[in-house]
Amino acid sequence: AFQAPTTLGVSTFEPSAFSRKVCSFKPVRGDDGTTSRGRRSLIKMADDSDIDMSAFFAEVEKREESSGGGEAMDGPELRKLVMDKWQYPLDTRIVRRRDAFGKQTVWLEVMWKHLWEQSFPLTEEEYDAQLDAVAWYITEWGKADYVREEITNNEKAPGLTVNG
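A few points on the structure. Not measured: the values here are computed from a predicted model.

Attention shifts here to the overall build of the protein chain. The secondary structure content of the protein chain amounts to five helices and five strands. Put simply, the protein chain runs from its N terminus to its C terminus through helices and strands in the order β-β-α-β-α-α-β-β-α-α. Here the protein chain, with 164 residues, has 28% of them falling under the buried criterion. For the protein chain, the exposed area adds up to about 11300 Å²; of that, 51% sits on carbon and sulfur atoms.

Looking now at the packing of helix H3 (residues 75-86) against helix H5 (residues 144-153). Their axes nearest at 9 Å, the elements H3 and H5 cross at an angle of 15°. By the angle between their directions, the pair H3 and H5 is classed as roughly parallel. Between H3 and H5 lies a crossing of right-handed hand. Between H3 and H5, the residues in contact are Glu77, Leu78, Leu81, Val82, Lys85 and Trp86 and Arg148, Ile151, Thr152 and Asn153, respectively.

Running from N to C, H3 and helix H4 (residues 124-140) cross one another at 100°; their axes reach a closest spacing of 7 Å. Classed by the angle they form, the pair H3 and H4 counts as roughly perpendicular. Here Gly75, Pro76, Leu78 and Arg79 of H3 lie close against H4, whose contacting residues are Glu124, Tyr127, Asp128, Leu131, Asp132, Val134 and Ala135.

Among the 11 residues that make up strand E5 (residues 104-114), eight are buried, leaving the element largely enclosed by the rest of the structure. Two strands pair when backbone bridges link them, and strand E4 (residues 90-98) and E5 are joined in this way by eight bridges, in the antiparallel orientation. Counted as the bridge partner of leucine 90 is histidine 114 from E5. Taking the residues between adjacent antiparallel strands as the criterion, E4 and E5 are bridged by five residues, where glycine 102 takes a positive phi near 90°.

In this structure, glutamine 87 takes a positive phi of about 65° despite not being glycine. In this fold, glutamine 87 is placed in the loop between H3 and E4.

With that settled, consider the pattern of salt bridges. Inspection of every chain in the model, using the stated rule, returns seven salt bridges. Across the salt bridge formed by glutamate 109 and arginine 97, the nearest N and O atoms sit 3.5 Å from each other. Here arginine 97 lies in strand E4 and glutamate 109 lies in strand E5, a separation of 12 residues in the sequence. Arginine 148 serves as the salt-bridge partner of aspartate 145, at 2.7 Å between the closest nitrogen and oxygen. Taken together, the positions of aspartate 145 and arginine 148, both in helix H5 and three residues apart, correspond to about one turn of that helix. One salt-bridge network, in which partners are shared between bridges, spans Glu77, Asp145 and Arg148.

The biggest cluster of nonpolar side chains holds 18 residues, and the ones touching the most others in it are Met73, Leu78, Ile138 and Ile151. Secondary-structure elements contributing two or more residues to this core are H3, E5, H4 and H5. Element by element, the count of residues in this core is highest for H4, at five residues.

The rules behind each value
Residues numbered from 1 in each chain as written. Predicted model: local features only at pLDDT ≥ 70, side-chain atom pairs only at ≥ 80, totals over all residues. Heavy atoms only, no water. Helix = DSSP H or I, 4+ residues; strand = E, 2+ residues; numbered from the N terminus. Buried < 20%, exposed > 50% of the residue type's maximum accessible area, 1.4 Å probe, protein only. Areas by Shrake-Rupley, 256 points an atom, 1.4 Å probe, with all protein chains shown as cover. Axes fitted to C-alpha atoms, helices over the stretch in contact; angles between N-to-C directions. Parallel < 35°, antiparallel > 145°, perpendicular 65-115°, else oblique. Left-handed = near helix turned anticlockwise from the far one by under 90°. Contact = heavy atoms within 4.5 Å. Pairing = 2+ DSSP bridges. Salt bridge = Lys/Arg side-chain N within 4 Å of Asp/Glu carboxyl O. Core = buried A, V, L, I, M, F, W, Y, C linked by side-chain atoms within 4.5 Å.

Following this line, the structure appears as structure tokens:
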């Protein structure tokens, strides 16, 4: 019996209310010729564009305010969570899938392969870098506490099943 990798839902992208017109962007240059580092001032619509970006920035600010995902997660913490739960340094990946209706879902996938296997495709340094990247995304999406809780309370063992 095959088992699929254990997956924990992390985030779902919904269609936005913004117009999806094609536009061109130019860096904003100050009087001294350097580009500004501010998010809003880094990009400027081309002169021929008629798109109002205020809705976009309002949505970004709303999501930043509501993303209370607890303390930041890092790679060593993610490794410890996985080791405490399954006793092996299992591979973790962020997976993106789109269903038949076009809805995109993002998952944290805990794989059945682990670092101590001879056939594992990553070195320990690459594995740690992978965990750091996964933990960074989890933190950025505000899902650190959710992932901590789901890994701790998960009853499934990682493996290859059809329906996870």
